[in-house]
Amino acid sequence: MSDRFEGSFTQQEPIPEDGITAALDVMRHGRLHRYNLADGEAGDTALLEEEFAAFTGARYCLAVASGGQALSIALRAAGVVPGDPVLTNAFTLAPVPGAIVAVGARPVLVETTEALTIDLDDLSTQIAATPAARVLLLSHMRGHICDMDRLMAICDAAGVQVVEDCAHTMGAAWNRISSGRHGLIGCYSTQTYKHMNSGEGGLIVSDNAPAMARATLLSGSYMLYDRHRAAPPQEVFNGLTLDTPNMSARMDNLRAAILRPQLVSLPERVAAWNARYAAVEEGLRNTPGLTVIERPEVESIVGSSIQFLLRDWSAAAVREVVARCSARGVELKWFGDETPIAFTSRYDHWRYATPRVLPRTDRILAGLIDMRLPLTFSLDDCALIARIIRAETSAVWQARTARSASS
Ligand SMILES: *Cc1c(COP(=O)(O)O)cnc(C)c1O
């Protein structure tokens, strides 16, 4: 048999040396809690917030314990209360409906297009059918950004606030506007498999002062919000402090110290991801039976993973492709599987979200293949991976075509 790929699809890059030095400093002085500050010290968490606000162009930024906590806090800060319906993508990761359920609200799932984005026609239908829904939790799943100009026009006209889940779009943009800056609030994750790595962690950005004051109080600021540097002015907190519960979801200085140098190098890493994405995409183009997802020109992507469709293939044939690639060291994830495997759970696995049947999403997920592109892969690795996928997909496709021609 021909060549095999030997790399690991889950191996991220190490923490940069300046991040390790900064983390050691925090451990040496011992002030890990964000509000534990020496005289005149800002603390890494507050500095990270200030730097991430500048990076996204947002007025305010808040660092929290995880991406999922960022989503729950953002929903509450946007005014979602228990029992509310919250619109969201059917194609996303489980922490998204999880964040809605965590605040006692009810997910209303919206269909998916072949571009893997939220179906804007179905969104309009669901908004009309659910007048009580005041918030859309929009997930830019796997980094695919929908037509944000049209989405915002639909939501603005209906008075629906948009909270963006940018777990896969930190560093991405639509029409030159950073992902996370179109709606009311943008949420990011700094969990190991995202675009900055602190193990766990999250960031929230917004220009809306009352929403960010509520978010700050919700994150567990006690009455120490004056120690933030990217929070709204003190007077915005007046009147909110006694009515906003403490959800205890702060970031700590150790994680922030690891993240600050990664933010500096993020643009470089985005370019490195996109070069890898382009190498795989190029190698997969014009493979019979395989559909590459075309990216609109106005979308600036972060190619930390790649998706393609085996459109309308039988489950058995998709399984065969996945098995043959796996035998050659290429780990593909299939979103069509009956049972949830690792990250690839499907909307109908979220029983707590009481999903309705979504035929268009079902058809897409049945043929949807996903692959991570960690920066530990070289461009040659990416070309080899694409050759393997191309060869194995073509072999299964040709065998099927030959069988149907002879029958
Ligand atoms: C990872 C992820 C989250 C949640 O982030 P955590 O930091 O793991 O809580 C939310 N949405 C999507 C699409 C994700 O991939």
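Source: prediction; values computed, not measured.

Definitions and cut-offs
- Residues numbered from 1 in each chain as written.
- Predicted model: local features only at pLDDT ≥ 70, side-chain atom pairs only at ≥ 80, totals over all residues.
- Heavy atoms only, no water.
- Core = buried A, V, L, I, M, F, W, Y, C linked by side-chain atoms within 4.5 Å.
- Buried < 20%, exposed > 50% of the residue type's maximum accessible area, 1.4 Å probe, protein only.
- Helix = DSSP H or I, 4+ residues; strand = E, 2+ residues; numbered from the N terminus.
- Domains from an automatic or database assignment.
- Contact = heavy atoms within 4.5 Å.
- Right-handed = clockwise from strand over helix to strand, strands pointing away.
- Pairing = 2+ DSSP bridges.
- 1 Å grid on protein atoms, 1.4 Å probe; cavity = no way out; pocket = protein on both sides within 12 Å on 5 of 7 lines; lining within 4 Å.
- Points joined across faces, edges and corners; volume = space filled by probe spheres on them.
- Nonpolar A, V, L, I, M, F, W, Y, C, P; charged D, E, K, R; others polar.
- Buried area = accessible area lost by both parts, 1.4 Å probe.
- Salt bridge = Lys/Arg side-chain N within 4 Å of Asp/Glu carboxyl O.
- Polar contact = N/O pair within 3.5 Å; in protein donor to acceptor, adjacent residues only side chain to side chain.
- Near = heavy atom within 4 Å.
- Areas by Shrake-Rupley, 256 points an atom, 1.4 Å probe, with all protein chains shown as cover.

For the rest of this paragraph, the subject is the nonpolar core. If you look at the biggest cluster of nonpolar residues, it comprises 43 residues, and the most contacted ones within it are Phe-52, Leu-87, Ile-118, Leu-123, Leu-136, Leu-151 and Leu-203. Per-element tally for this core: the top contributor is helix H6 (residues 148-158), with five residues. Each of two domains, domain 1 (17-264) and domain 2 (267-406), supplies a minimum of three residues to this core. The residues contacting Leu-123, other than those within four sequence positions of it, are Leu-87, Val-110, Ile-118, Leu-136, Leu-151, Ile-154 and Cys-155. In terms of nonpolar packing, the next biggest core, distinct from the first, is built from 37 residues, Ile-73, Ala-78, Ile-100 and Val-236 among them.

Most of strand E5 (residues 161-165) is tucked away, with four of its five residues classed as buried. Read as a crossover between parallel neighbours, the route from strand E4 (residues 135-139) over H6 to E5 is right-handed. Direction of pairing for E5 relative to strand E8 (residues 185-189): parallel, over a ladder of three bridges. Paired with Glu-164 across the strands is Gly-186, a residue of E8.

For the rest of this paragraph, the subject is empty space enclosed by the protein. Overall, the coordinates contain three cavities of 30 Å³ or more when judged by the stated rule. The space that makes up the largest cavity amounts to roughly 70 Å³. Phe-9, Arg-142, Glu-331, Lys-333, Phe-343, Thr-344, Asp-370, Met-371 and Arg-372 are the residues that line the largest cavity. When residues in the lining of the largest cavity are grouped by element, the largest group, three residues, is from strand E14 (residues 368-372). Classifying every residue of the lining of the largest cavity by side-chain character gives three nonpolar, one polar and five charged.

Size of an interface: often given as the accessible area lost when the parts come together. Considered domain by domain, the protein is made up of domain 1 (17-264) and domain 2 (267-406). Once you take the C-alpha centre of each, domain 1 and domain 2 turn out to be 28 Å apart. It is Glu-111, Glu-114 and Arg-142 that lose the most area in domain 1 upon contact with domain 2, and together they represent 21% of the buried surface on that side. Where domain 1 touches domain 2, the interface holds five salt bridges. Among the salt bridges present, the one from Asp-122 reaches Arg-356, with a minimum N-O distance of 3.0 Å. Connecting domain 1 to domain 2 are 16 residue pairs in polar contact (both at pLDDT 80 or more). Its residues assigned to classes, the side of domain 1 that touches domain 2 comprises 22 nonpolar, eleven polar and six charged.

Right, let's talk about the site of the ligand for a bit. In the vicinity of the ligand there are 15 residues, among which Gly-67, Gly-68, His-168, Ser-189 and Lys-194 approach most closely. In the model, an oxygen atom of the ligand is placed 2.8 Å from a nitrogen or oxygen of the Gly-67 main chain. At 2.9 Å, a side-chain N or O of Asp-165 approaches a nitrogen atom of the ligand. When the ligand is considered free in solution it has 370 Å² of accessible area, and contact with the protein chains removes 93% of it. At the level of secondary structure, the elements contributing two or more residues to the shell around the ligand comprise helix H3 (67-77) and helix H4 (95-102). Each residue belonging to the shell around the ligand can be placed in one class, and the counts come to four nonpolar, nine polar and two charged.

What follows covers the sheet that holds strand E11 (residues 299-300). The three strands lie next to each other as E7-E6-E11, forming an open sheet whose pairing is antiparallel. Here the strands that pair on one side only, and so sit at the sheet edges, are strand E7 (177-178) and E11. Sheet topology places strand E6 (residues 173-174) next to E7; two bridges connect them, and they run antiparallel. Within E7, the position partnered with Trp-174 by the bridge is Ile-177.

Under the definition given, this model contains 25 salt bridges. For Arg-4, the salt bridge goes to Glu-6, with nearest N and O atoms at 3.5 Å. With a relative accessible area of 42%, Arg-4 lands in the partly exposed category. Since its relative accessible area comes to 65%, Glu-6 is described here as exposed. The closest approach of N and O atoms between Glu-50 and Arg-229, which form a salt bridge, is 3.2 Å. Here Glu-50, found in helix H2 (residues 44-56), pairs with Arg-229, found in the loop between helix H7 (209-218) and helix H8 (234-237); they are 179 residues apart in sequence, far enough to count as distant. Classification of Glu-50 as partly exposed rests on a relative accessible area of 31%. For Arg-229, a relative accessible area of 44% translates into the label partly exposed. Within this structure, Asp-3, Glu-320, Arg-324, Arg-328, Arg-387 and Glu-392 form a network of salt bridges that share partners.

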